[in-house]
Amino acid sequence: MTLLPLFVTCPRGVEPLLKAELERLGAQDCGERPGGVSSQASRETAYRICLWSRLASRVLMPLSRFELKDADSLYAGAQAVDWPDLFAVQRRFAIEVAGRSAAVTHTHYAGLKVKDAIADRFRAACGERPNVDTETPDIRVHLHLDRDHATLSLDLGGDALHRRGYRTRAMEAPLKETLAAALLLRMDWPARAAEGLPFWDPMCGSGTLVIEAALMAADIAPNGQRTRFGFEAWEDHIPAVLTRLREEAIDRGREGRKQLPRLIGSDTDGRALRVARDNAQRAGFGEAIEWRQADALAVLPDDLPPGVLLTNPPYGERLSSESDIIKLYSLLGAHWARAFGGWQAGLFTGRPDLAPRLGLRAHAIHALYNGALPAKLTVIEQRVVGAGLGQDSIEKGKLASYLGAALVVVFMFVTYGLFGLFANIAVLFNVAMIFGLLSLLNATLTLPGIAGVVLTVGIAVDSNVLIYERIREEVRAGRTAIMAIDAGFARALATIMDSNITTFIAAAVLFYIGTGPVRGFAVTLGIGIVTTVFTAFT
């Protein structure tokens with residue numbers, strides 16, 4: 001089987017993701033390079049990459065690499081390629097130039113030299129030359145200038161692969177589809193979509209993130225709508241291979257659409273939402289995506305289970321002042337902590353200095369580029385959103401409380417007969433148990449959460465000491481041990497219940513009205529009170 005050399009380009013910072021994707025698609029000997037990945041692939045795999053790659057900007061097949069001394073050497077290197085063996089003279093072609101070289105400083109001039117070399121090679125072989133078409137060529141020849149060398153390649157995709165075909169209109173500074181796909185992969189969206197978790201972009205603009213999320217969740221080939229690829233103008237093109245791959249892609253997409261999770265895009269701009277709806281309609285998701293006109297600082301998840309929250313908020317030119325930008329990010333973080341506990345959140349911005357303004361702890365930060373602009377994706381895992389008080393953390397706290405209560409019951413059975421030591425041991429054990437439970441509640445315990453632990457420990461100590469003192473009073477009054485325990489416990493329990501119920505209500509109110517740090521205090525306090533009262537009953 002003949003392997004074709006490939007160089008697949010991508011946005012900067014996406015190279016590791018692209019390498020993994022190409023390997024999944026069947027490419028061999030993949031190696032990361034700045035701005036892309038080199039590899040080898042069979043003809044079928046090369047076709048599959050053009051059809052299925054979500055990250056590739058272009059799929060280039062290098063034809064020749066030669067030393068570049070001046071314009072004449074560029075012409076000679078280009079003319080040495082057997083162009084008539086690659087495409088017919090009736091095909092229209094275009095030259096694209098990238099890179100730089102001191103030998104040929106003007107890229108337009110470099111493109112003209114290559115065009116002349118191709119035309120002269122055809123004229124010598126066929127007696128005529130192919131026409132140039134810079135708008136809709138059949139064949140795109142890519143020239144890369146790299147200091148003292150030049151590389152000529154065929155663009156197998158034809159047009160840039162980020163142009164999926166669904167976005168004919170876009171709002172200001174939209175994300176390229178390939179970069180949007182990279183952000184979703186960094187958020188592990190395919191795995192979360194397979195679990196049925198929802199996706200939400202609260203500042204969706206023209207909807208690129210939401211539509212790319214839908215394409216991934218439905219297992220739809222990102223370039224399946226493309227009417228023509230560059231390799232279809234090859235002399236060696238095998239149409240039957242592409243036809244089979246397209247049919248497989250259609251079958252996979254048909255099955256994938258049956259299991260789409262909830263997909264939501266919201267924005268305050270009604271015009272942007274109209275564009276997003278049109279784009280989604282062209283992508284085949286007219287009814288599958290929910291679009292809402294709403295402020296990102298006011299949207300609520302309602303009955304949705306925790307899922308993935310990913311957005312590219314405005315920065316710089318789209319806001320009137322630096323203070324407005326800072327205010328937006330601060331309010332956004334507070335709202336996420338309060339309303340989206342348990343969600344995995346991602347914020348992509350060309351102003352990485354603003355990410356800390358969210359006030360949420362980052363699980364991971366990925367450096368990327370939005371065009372030529374350095375940018376970063378800040379990922380906030382669900383146990384960190386809301387100061388670690390997402391649904392998973394609350395459930396974890398409940399489980400820890402049940403386990404602790406069971407251990408306390410076992411302990412009581414073992415030590416119940418040791419009345420003289422019982423109270424002191426119970427206090428020490430209860431203190432240690434509550435601290436352990438609240439540590440299990442949240443691995444990223446915040447300072448307010450620790451304050452809740454300290455207060456809870458105080459309540460536990462006070463409750464146990466109160467029980468012990470009431471029992472001692474009954475013993476001094478002449479009651480037997482069993483009667484003293486019953487009477488002393490009954491007297492102490494009334495006081496414990498009154499004080500703890502009041503404190504628990506206060507904690508519940510704080511949890512309801514508070515933001516992340518306040519919730520951290522409220523939940524640790526609430527779980528501790530429940531554990532303390534349960535221990536007192538046992």
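The structure under discussion appears in the preceding block.
All of the points below concern the structure found in this document.

Conventions we followed
- Residues numbered from 1 in each chain as written.
- Predicted model: local features only at pLDDT ≥ 70, side-chain atom pairs only at ≥ 80, totals over all residues.
- Heavy atoms only, no water.
- Helix = DSSP H or I, 4+ residues; strand = E, 2+ residues; numbered from the N terminus.
- Buried < 20%, exposed > 50% of the residue type's maximum accessible area, 1.4 Å probe, protein only.
- Contact = heavy atoms within 4.5 Å.
- Areas by Shrake-Rupley, 256 points an atom, 1.4 Å probe, with all protein chains shown as cover.
- Polar contact = N/O pair within 3.5 Å; in protein donor to acceptor, adjacent residues only side chain to side chain.
- Pairing = 2+ DSSP bridges.
- Salt bridge = Lys/Arg side-chain N within 4 Å of Asp/Glu carboxyl O.
- Expected span 1.5 Å × (residues − 1).
- Arc of directions from axis to C-beta.

**Topic: the overall build of the protein chain**
Stage number 1. When its secondary structure is counted, the protein chain shows 16 helices and 14 strands.
Stage number 2. The 538 residues of the protein chain split such that 51% are buried.
Stage number 3. Partitioning the intrachain contacts of the protein chain with sequence separation of at least 6 by distance along the chain shows that 77% fall at a separation of at least 24.
Stage number 4. Of the roughly 24,200 Å² of accessible surface on the protein chain, 56% is carried by carbon and sulfur atoms.

**Describing the environment of R226**
Stage number 1. Inspection of the secondary structure puts R226 in the loop between α7 (208-217) and α8 (239-256).
Stage number 2. In this structure R226 comes out as buried when scored by relative accessible area, which is 10%.
Stage number 3. Along the chain, R226 and Y166 lie 60 residues apart, while their C-alpha atoms are 9.8 Å from each other.
Stage number 4. Once residues within four sequence positions are removed from consideration, R226 is found in contact with G157, D159, A160, L161, R163 and R246.
Stage number 5. Of note is the side chain of R226, whose polar atom sits 2.9 Å from the backbone oxygen of A160.
Stage number 6. Within the local environment of R226, its side chain forms a polar contact with the backbone oxygen of R163, the two atoms lying 3.1 Å apart.

**Some remarks on the pairing of strand β1 (residues 4-9)**
Stage number 1. Direction of pairing for β1 relative to strand β3 (residues 36-41): antiparallel, over a ladder of six bridges. From the neighbouring strand, F7 faces β3, where its bridge partner is S38.
Stage number 2. Relative to strand β4 (residues 58-67), β1 runs antiparallel, the two being bridged by three bridges. The partner of V8 across the bridge, within β4, is V59.

**A word on the side chain of T349**
Stage number 1. Take T349: it is sitting in strand β12 (residues 344-349).
Stage number 2. For T349, the side chain forms a polar contact with the side chain of Y329, separated by 3.1 Å.

**Focus: the pattern of salt bridges**
Stage number 1. Overall, the coordinates contain 23 salt bridges when judged by the stated rule.
Stage number 2. Taking the shortest distance from any N to any O, the salt bridge between R140 and E96 comes out at 2.7 Å. Taken as a pair, R140 in strand β6 (residues 139-146) and E96 in strand β5 (residues 93-100) lie far apart in primary sequence, 44 residues in all.
Stage number 3. Overall, the relative accessible area of 10% leaves R140 in the buried class.
Stage number 4. The class of E96 is partly exposed, set by a relative accessible area of 22%.
Stage number 5. Residues K115 and D116 are paired through a salt bridge, measuring 3.0 Å at the closest nitrogen-oxygen approach.
Stage number 6. Accessibility expressed as a relative area gives 18% for K115, which makes it buried.
Stage number 7. Each of E44, R48, R244 and E248 takes part in one network of salt bridges that share partners.

**Quick word on α8**
Stage number 1. Along its 18 residues, α8 runs 26 Å from first to last C-alpha, staying within 8% of the 26 Å computed at 1.5 Å per residue.
Stage number 2. Every buried residue of α8 is accounted for by V241, L242, L245, A249, G253 and G256. Down the axis, α8 shows its buried residues gathered within 100° of arc, on one side only.
Stage number 3. Looking at the buried positions of α8, the neighbouring elements they touch are α2 (43-52) and α7.

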